[in-house]
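So you can see what is in the structure, the chains are spelled out below.
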Amino acid sequence: MNINRNVNFISDYFLKTIVIILSGIILGTLIVRSTYVAVILTFTIVVTFLLLKSPLKALAILILIIPFAGTSILSDPLMNLPGVKPLQLLALFVGIIAATNYKKSVKMPDYVRFFSLAMIAIFTISLIRSLSYLDLFNFYLDNKLSTQRYLLSHFVKPLIFFMPLIIVVKFVYRKTDIEYLVNTLTLSILILSVVITYLYFFKGLGKGDIETFREYFQSIFSLHTNSIANFYIMAFPFVIAKFFVKKNILTISNIILSAMAIGMLYSRAAYLTCLLSFISYFFLSRRTKFLPFLIAVAFGLFFIISSSVIERASKGIESRDRNALFAGRIEKLWVPLIYEYTHDYKKLILGNGRYAIRSSDVNKQGIIREATHPHNMYLEQIIDAGLIGVVTFIAFYIILLRKACKSLGNINDYKIKEHHYAVIVSLSCYLISGITDRSFFPDPANGFLWVVVGIAIVIIRMSQETATSEGVNIN
């Protein structure tokens, strides 16, 4: 026992010594080139040592900034070198912290390990295949992408948002850890709601038209408002759960601000999933007595919310025009793409590479409208990675949700149970909203998805351990 402790002490001491030496060399080089970068790196090194033994605290920093990953402060390079954007450096920092604490990690469940490897393999192959039509991408871009920049932006960066799943599954094994992650997730969405509300009311954006508002948000977040809505689709059920765990002014404010922010994003998918989150959460947690109250609140809001929000939410309903209801996606995107792929079995089975909508025949012929996404994550997965890709993802989520629902009966802790309700509602809403947008592959807009998937896996594992100790079989 003493020998092992001595070995671990020597190993940790050696690692810290190496980090200090390398940091000194890098700092010395950077001070000559950029004092600003050197100061930032010094701060990073100090924070690294403070969090050296806390991978979850390091991950919490990443979770907090996920909705703001596209802002200039996180996406602009610190210097004229590839891979030195703040977001990438932060991800590297989190990865290093996790790697140095690997001995504290737990074994990943077999089905999660298989899915992770399969997802990365499918994603990698899809990206490599898309390199053959990089010139076609550049035709639509003002700032042309080299192969290196394309791989950094569309391969390395998306995998940053997949990393939380691995860290959560490996390092979360206590109830307090789950509570910590949920607190971080709801705090992140609260900050985002405050920012959206401020811009809408205090920057005069609420007085303009919808497109002006959306363009402004695109310029700030580098995300369409429909993509920003993804964060609410995933996190809003946890905002509800936090209210039932602890009813106070903060949790009530978070629900109100989140609902307001969702309205301001003009995303009909977010409107529907917000309502669906409430209803399904109440049914799942057997709180249907709250539904009349919800209906009364919704009826009241109808008279006070912006007319532009009401107009956006009801678009296509009164006229019963399916193209208006689905924003022209049926005739101008889905039908032509489905026709093309069902008449080419190689494409149907294997797909045609990442962002294959750009290289599709119907796009080249001008049959579909100009788009980088088919606005349906199931169709996107088919045209990018074929039936092999979509079956892999759907099978995983069916297995995950099945395990999640079966494990509910073995959870005794009321806080964990509320969070598990949120997990099931969140994942279900994301899969439903995928009919009109979203993506199965990692990207900045679904960064919260992998945190939620990780929380689901950890709670399932905890419930299985409880069931095993009590002699109950939940498989």
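Calculation rules
- Residues numbered from 1 in each chain as written.
- Predicted model: local features only at pLDDT ≥ 70, side-chain atom pairs only at ≥ 80, totals over all residues.
- Heavy atoms only, no water.
- Helix = DSSP H or I, 4+ residues; strand = E, 2+ residues; numbered from the N terminus.
- Contact = heavy atoms within 4.5 Å.
- Areas by Shrake-Rupley, 256 points an atom, 1.4 Å probe, with all protein chains shown as cover.
- Patch = residues over 30% accessible without salt bridge, like charges linked within 9 Å, V, L, I, M, F, W, Y side chains within 5 Å.
- Salt bridge = Lys/Arg side-chain N within 4 Å of Asp/Glu carboxyl O.
- Phe/Tyr/Trp six-rings, centres within 6.5 Å; stacked < 30°, edge-to-face > 60°.
- Buried < 20%, exposed > 50% of the residue type's maximum accessible area, 1.4 Å probe, protein only.
- Core = buried A, V, L, I, M, F, W, Y, C linked by side-chain atoms within 4.5 Å.
- Disulfide = S-S within 2.5 Å.

**Considering the overall build of the chain**
Logical step 1: A tally of helices and strands in the chain yields 22 helices and zero strands.
Logical step 2: Long-range contacts, defined here as pairs at least 24 residues apart, represent 76% of the contacts in the chain between residues at least 6 apart.
Logical step 3: In the form shown here, the chain has an accessible surface area of approximately 23,300 Å², with 66% of it arising from carbon and sulfur atoms.

**Quick word on a nonpolar patch on the surface**
Logical step 1: Residues Tyr-198, Phe-201, Phe-202, Ile-252, Ile-256 and Met-260 make up a contiguous nonpolar surface patch of roughly 610 Å² in combined accessible area.
Logical step 2: Only helix H9 (175-202) and helix H12 (249-264) provide two or more residues apiece to the nonpolar patch.
Logical step 3: Relative to the helices and strands, Tyr-198 resides in helix H9.

**Side note on the packing of aromatic side chains**
Logical step 1: For the structure on display, the rule yields 23 aromatic pairs.
Logical step 2: Seen in terms of ring centroids, Phe-68 and Phe-221 are 6.0 Å apart; in terms of plane orientation they differ by 35 degrees. Their pairing is tilted. Here Phe-68, found in the loop between helix H3 (55-65) and helix H4 (72-75), pairs with Phe-221, found in helix H10 (residues 210-221); they are 153 residues apart in sequence, far enough to count as distant. With respect to class, Phe-68 is no different from Phe-221; both count as buried.
Logical step 3: For the pair Tyr-281 and Tyr-421, a centre-to-centre distance of 5.9 Å together with 80 degrees between the ring planes defines the contact as edge-to-face.

**As for the pattern of salt bridges**
Close approach of charged atoms lets side chains of opposite charge pair.
Logical step 1: Inspection of the entire model under this criterion finds ten salt bridges.
Logical step 2: Among the salt bridges present, the one from Arg-287 reaches Glu-418, with a minimum N-O distance of 2.5 Å. Here Glu-418 lies in helix H21 (residues 414-433) and Arg-287 lies in the loop between helix H13 (268-284) and helix H14 (291-301), a separation of 131 residues in the sequence. As far as burial versus exposure is concerned, Arg-287 and Glu-418 are alike and both buried.
Logical step 3: Taken together, the salt bridges that share partners define one network made up of Glu-340, Lys-347 and Asp-361.

**Points about the nonpolar core**
Logical step 1: By size, the foremost hydrophobic cluster in this structure holds 132 residues, and its most contacted members are Tyr-397, Leu-400 and Leu-427.
Logical step 2: Among the elements that make up this core, the one with the highest residue count is helix H11 (residues 225-245) (14 residues).
Logical step 3: Apart from residues no more than four positions distant in its own chain, Tyr-397 is found in contact with Leu-427, Leu-431, Phe-440, Leu-449, Trp-450 and Val-453.

**Quick word on the state of the cysteines**
Logical step 1: For the structure on display, the rule yields zero disulfides.
Logical step 2: Cys-429 forms no disulfide, and the closest cysteine sulfur to it belongs to Cys-274, at a distance of 9.3 Å.

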